[in-house]
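# Close look at the chain arrangement
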Amino acid sequence: MICSMFSTMFLWFSGNTHTGKKMYISLLVFITFSVRSQDIRNTVGNIPMEWYKDYPHIGYDLEGKKIFKPIRNKDELDEFLDKMENPDYWRTVQDKMTGADIRLSDEQVDLVHRLQQGKFGDVNFNEYEPAIDFFSNEVMIHPVTNRPQDKRSFIPSLIEKEKVGKLVHAIKMGWIKPRRPKETTPQYYDLWAKEDPNSILGRHKMHVPAPKMKLPGHEESYNPPPEYLLSEEERLAWEQQDPEYRKLSFLPQKFACLRAVPAYSRFIHEQFERCLDLYLCPRQRKMRVNVNPEDLIPKLPKPKDLQPFPTTQSLVYRGHSSLVRSISISPSGQWLVSGSDDCTVRFWEVSTARCLKTVEVGGAVKGVAWNPNPSICLVAVSYDDTVVLLNPGLGDRLVCTATDQLISSYEEPEEVMDQSVQWAVAEGEGHEQGHRLILKHPKAVRQVTWHGKGDYLACVMPDNGSSLQVVIHQVSKRRTQNPFRKNKGLVQCVSFHPIRPYFFVATQRYVRVYNLIKQELTKKLMANCKWISSMAIHPGGDNVICGSYDCRLAWFDLDLSTKPYKVLRHHKKALRSVAYHRHYPLFASGSDDGSVIVCHGMVYNDLLQNPLIVPVKVLKGHTITHDLGVLDVTFHPTQPWVFSSGADGTVRLFT
């Protein structure tokens with residue numbers, strides 16, 4: 001740039017006059033002096049500076065003198081002190097061309113920050129400035145630009161000419177084939193085109209002809225005979241049926257004339273099903289292995305060979321005015337207790353169906369449980385948030401007296417612990433009726449169950465948002481404990497293991513088995529049902545049955561798997577209760593369909609032999625009331641008899 005300026009000035013001053021030459025020389029000296037005094041940068045050029053790393057200088061100035069490197073004998077300590085003491089350390093950079101330290105100004109620091117953020121270097125530049133659209137679809141009179149076209153726009157390109165020539169040669173030789181135009185018309189394939197007997201399919205012996213449509217009957221007429229029209233009851237029954245169980249897929253209707261017939265709403269649906277019939281129909285018969293269906297069914301013993309089991313209804317215990325939710329039998333099998341929604345607890349003599357005693361409580365009874373220990377005469381009754389321990393005074397007087405002495409001999413400990421349940425001793429009129437202990441719970445109690453030894457009582461208070469759903473009471477010490485800090489799900493029912501220190505907790509979909517001594521979860525049984533309603537444990541302790549509200553009964557073999565060994569779907573409605581017999585290989589289930597199904601469930605001592613499960617009898621007798629049937633079932637402790645309580649307010653004995 002300077003040289004071009006010098007040449008221009010030289011031409012300007014290059015007259016023959018002596019004055020012009022003088023002015024040119026003096027201007028050249030001034031420019032040279034100003035350049036030398038200002039520009040002291042390294043003028044070595046655009047070469048790698050690594051070439052000078054072994055030399056004391058770093059380049060040359062305009063006069064050809066060496067530019068020596070600045071003395072840099074700083075170690076890490078000096079660098080650290082400089083970093084701590086120099087306030088401008090963060091904005092100081094080293095120039096690689098000269099090796100000198102340069103302090104960046106505020107404008108330069110701001111420029112670096114803007115470039116790091118991906119912004120434009122110029123602060124005043126507006127990247128969102130509205131663009132002026134010069135070129136539009138409207139034809140303008142005057143051109144926007146009047147620049148003449150380039151010369152290259154008139155001359156054909158030699159490179160493009162060569163490419164086109166190669167493509168033409170490839171098309172002529174057949175190396176490149178032009179694309180075929182796409183056919184816009186849809187193509188249909190007739191699957192049954194070769195129907196004539198002369199074709200291959202027709203001559204084939206195993207050929208299957210296309211399925212024929214059913215011819216329309218009188219019920220499809222627009223003016224059918226009166227006997228084909230459905231009455232109001234038949235129409236309601238047709239609407240309540242599932243579509244797959246209906247004899248007709250439509251309702252026959254009568255119209256005065258053909259012009260009044262509306263469009264058929266299922267036309268497209270039926271045409272689609274017809275296409276599926278044609279498409280999915282097999283083209284050829286396949287030979288199947290001839291298997292007798294009876295050979296596939298497992299051989300089960302006849303019910304006659306599995307006797308004894310209850311077959312007939314013997315006694316009906318009448319007296320309750322509302323549905324009987326729970327029943328329990330004494331360890332001797334002589335007495336039966338029942339709890340009802342009429343706020344009463346009744347004690348019956350099993351052999352005569354006589355009501356020997358009626359105890360009124362302060363609410364609808366949700367559960368009753370007779371103490372399984374024959375040396376203690378106590379019955380647990382739950383209603384609302386209260387559990388009452390009753391001494392009915394039936395049977396051996398020595399046992400009843402010993403039970404009262406056991407309760408009255410309790411001595412309160414010196415240190416009284418805070419408990420979630422309040423224990424109180426019954427007095428006055430309640431004591432005369434048989435009330436001995438009253439337990440006040442924080443929530444409504446749904447189920448009560450005893451441990452086999454008769455000292456521990458478990459209560460269930462379903463509440464999904466609380467950790468206090470299950471409590472275990474020790475009657476001898478009048479102590480209550482919450483075994484679970486956190487309950488996983490809504491607890492439905494609980495049960496003690498008859499032999500081992502295990503505790504079964506059934507939630508809506510799972511049954512969890514806890515070890516009470518180790519205080520840990522042992523097993524988690526998956527019931528494969530929507531909502532568990534009841535649970536019973538085999539007297540041997542290795543098998544569990546669960547009833548559910550979706551009409552299923554699941555049998556678990558604890559030694560086999562955590563999934564059901566067998567699922568029975570014999571009931572048509574929800575199961576309310578299940579029970580095992582203590583001695584006989586029997587179990588029963590009660591359902592809302594008003595029936596009790598008794599099954600033979602033999603558990604073998606041989607671990608390699610699976611349990612034998614055979615349904616043997618369906619017992620009916622209860623009347624369905626308010627869509628509720630059998631609410632509770634229990635077996636006699638010694639005889640092959642089963643008791644059932646229902647929503648019709650009766651308790652029935654089947655022997």
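Since the model is a prediction, treat every value here as computed from it, not as a measurement.

## What about the pattern of salt bridges?
Here the structure, examined in full by the defined rule, presents 14 salt bridges. One salt bridge connects Asp648 with Arg652, and the closest N-O pair in it is separated by 3.4 Å. Asp648 gets classed as partly exposed once you look at its relative accessible area, which sits at 22%. It is possible to trace a salt-bridge network through shared partners that takes in Glu232, Arg235 and Glu239.

## Thoughts on the environment of Pro224
Looking at the secondary structure, you find Pro224 in the loop between α6 (200-203) and α7 (232-240). A relative accessible area of 2% places Pro224 in the buried class. Taking C-alpha positions, Pro224 is 8.9 Å from Phe255, a pair spaced 31 residues apart along the chain. When near neighbours in sequence (up to four residues on either side) are disregarded, Pro224 contacts His218, Leu229, Gln253 and Lys254.

## Structural notes on the side chain of Ser328
Along the chain, Ser328 falls in strand β6 (residues 324-329). Given a relative accessible area of 12%, Ser328 falls into the buried group. For Ser328, the residues in contact, after removing those within four places along its chain, are Trp335, Leu336, Val337, Val368, Ala369 and Trp370.

## Concerning helix α10 (residues 397-408)
Taking 1.5 Å of rise per residue, 12 residues should cover 16 Å, and α10 covers 17 Å from first to last C-alpha, within 8% of that figure. Residues of α10 that are buried sit in contact with β14 (435-440). A distance of 3.1 Å separates the backbone nitrogen of Leu398 from a side-chain oxygen at the start of α10, and that oxygen is part of Asp396.

## Some thoughts on the sheet that holds strand β26 (residues 566-568)
Taken in spatial order, the 4 strands line up as β23-β24-β25-β26 in an open sheet, and their pairing is antiparallel. The open sheet has two edge strands with one neighbour each: β23 (532-537) and β26. Taken over all neighbouring pairs, the strand axes of this sheet differ in orientation by 20 degrees on average, direction set aside. Here 3 bridges tie strand β25 (residues 553-557) to β26, and the two strands are oriented antiparallel to one another. The partner of Trp555 across the bridge, within β26, is Lys566.

## Section: the pairing of strand β21 (residues 510-515)
In terms of burial, β21 is largely enclosed, as 5 of its 6 residues are buried. Counting the residues between successive antiparallel strands, the hairpin from strand β20 (residues 502-506) to β21 contains 3 residues. Taken together, the 6 bridges between β21 and strand β22 (residues 520-526) define a ladder with antiparallel strand orientation. Pairing of Val511 across the sheet is with Leu525, part of β22. Count of turn residues in the β21/β22 antiparallel hairpin: 4 residues, of which Gln519 carries a positive phi of about 55 degrees.

## What about the packing of aromatic side chains?
Applying the stated criterion to the full structure yields 11 aromatic pairs. Aromatic pair Phe347 and Trp370: ring centres 5.9 Å apart, planes at 85 degrees, arrangement edge-to-face. In this pair, Phe347 is assigned in strand β8 (residues 344-349) and Trp370 in strand β10 (residues 365-370), connecting sequence segments 23 residues apart. You'll find Phe347 and Trp370 in the same group, each marked buried. Here the aromatic rings of Trp531 and Tyr549 are separated by 6.3 Å at their centres, their planes lie at 70 degrees, and the arrangement is edge-to-face. Here Trp531 is found in the loop between β22 and β23, whereas its partner Tyr549 is found in the loop between β24 (543-548) and β25, with 18 residues between them in sequence. By relative accessible area, which is 34% here, Trp531 ends up partly exposed. Taken together through their ring pairs, the aromatic side chains of Phe484, Phe496, Phe503 and Tyr514 make up a single cluster. Taking NZ or CZ as reference, Arg246 lies 4.0 Å from the ring centre of Trp238, over its face. Directly above the ring of Tyr510 sits Lys524, whose terminal nitrogen or CZ lies 4.3 Å from the centroid.

## Brief notes about the sheet that holds strand β27 (residues 575-580)
Overall, antiparallel pairing links the 4 strands, which are arranged β27-β28-β29-β30 in an open sheet. Bordering the open sheet on either side are β27 and β30 (612-620), each of which pairs with just one other strand. In this sheet, neighbouring strand axes are inclined to one another by 20 degrees on average, regardless of whether the strands run parallel or antiparallel.

## So, the UniProt feature "repeat: WD" (unreviewed entry) in the chain
When the UniProt feature table is mapped to this numbering, "repeat: WD" (unreviewed entry) covers residues 317-358 and 623-655. Measuring from the first to the last C-alpha atom of residues 623-655 gives 19 Å, for a span that is 0% helix and 48% strand.

## Overview of the side chain of His636
Topologically, His636 is positioned in the loop between β31 (630-635) and β32 (642-646). Relative accessible area serves as the criterion here: at 5%, His636 is assigned to the buried category. Of note is the side chain of His636, whose polar atom sits 2.9 Å from the backbone oxygen of Gly333.

## Some points on the pairing of β25
Where burial is concerned, most of β25 is hidden: 5 out of the 5 residues are buried. In β25, alternate side chains face the same way, and those of Leu553, Trp555 and Asp557 on one face and Ala554 and Phe556 on the other are all buried. The pairing of β24 with β25 spans 5 bridges and is antiparallel. The residue of β25 that forms the bridge with Ile545 is Trp555. Between β24 and β25, which follow one another and run antiparallel, lie 4 residues, and Cys551 among them has a positive phi close to 65 degrees.

## Regarding a negative patch on the surface
A cluster of acidic side chains, namely Asp75, Glu76, Asp78 and Glu79, defines a negative patch on the protein surface. Summarising the element assignment, Glu79 is placed in helix α3 (residues 76-85).

Procedures and definitions
- Residues numbered from 1 in each chain as written.
- Predicted model: local features only at pLDDT ≥ 70, side-chain atom pairs only at ≥ 80, totals over all residues.
- Heavy atoms only, no water.
- Salt bridge = Lys/Arg side-chain N within 4 Å of Asp/Glu carboxyl O.
- Buried < 20%, exposed > 50% of the residue type's maximum accessible area, 1.4 Å probe, protein only.
- Helix = DSSP H or I, 4+ residues; strand = E, 2+ residues; numbered from the N terminus.
- Contact = heavy atoms within 4.5 Å.
- Expected span 1.5 Å × (residues − 1).
- Polar contact = N/O pair within 3.5 Å; in protein donor to acceptor, adjacent residues only side chain to side chain.
- Pairing = 2+ DSSP bridges.
- Axes fitted to C-alpha atoms, helices over the stretch in contact; angles between N-to-C directions.
- Phe/Tyr/Trp six-rings, centres within 6.5 Å; stacked < 30°, edge-to-face > 60°.
- Lys NZ or Arg CZ within 6 Å of the ring centre and 35° of its normal.
- UniProt positions renumbered as here; feature names shortened; annotations may be inferred.
- Patch = residues over 30% accessible without salt bridge, like charges linked within 9 Å, V, L, I, M, F, W, Y side chains within 5 Å.
- Areas by Shrake-Rupley, 256 points an atom, 1.4 Å probe, with all protein chains shown as cover.
- Lys, Arg positive; Asp, Glu negative; His and termini not counted.
- Charge placed at Lys NZ, Arg CZ, Asp CG, Glu CD.

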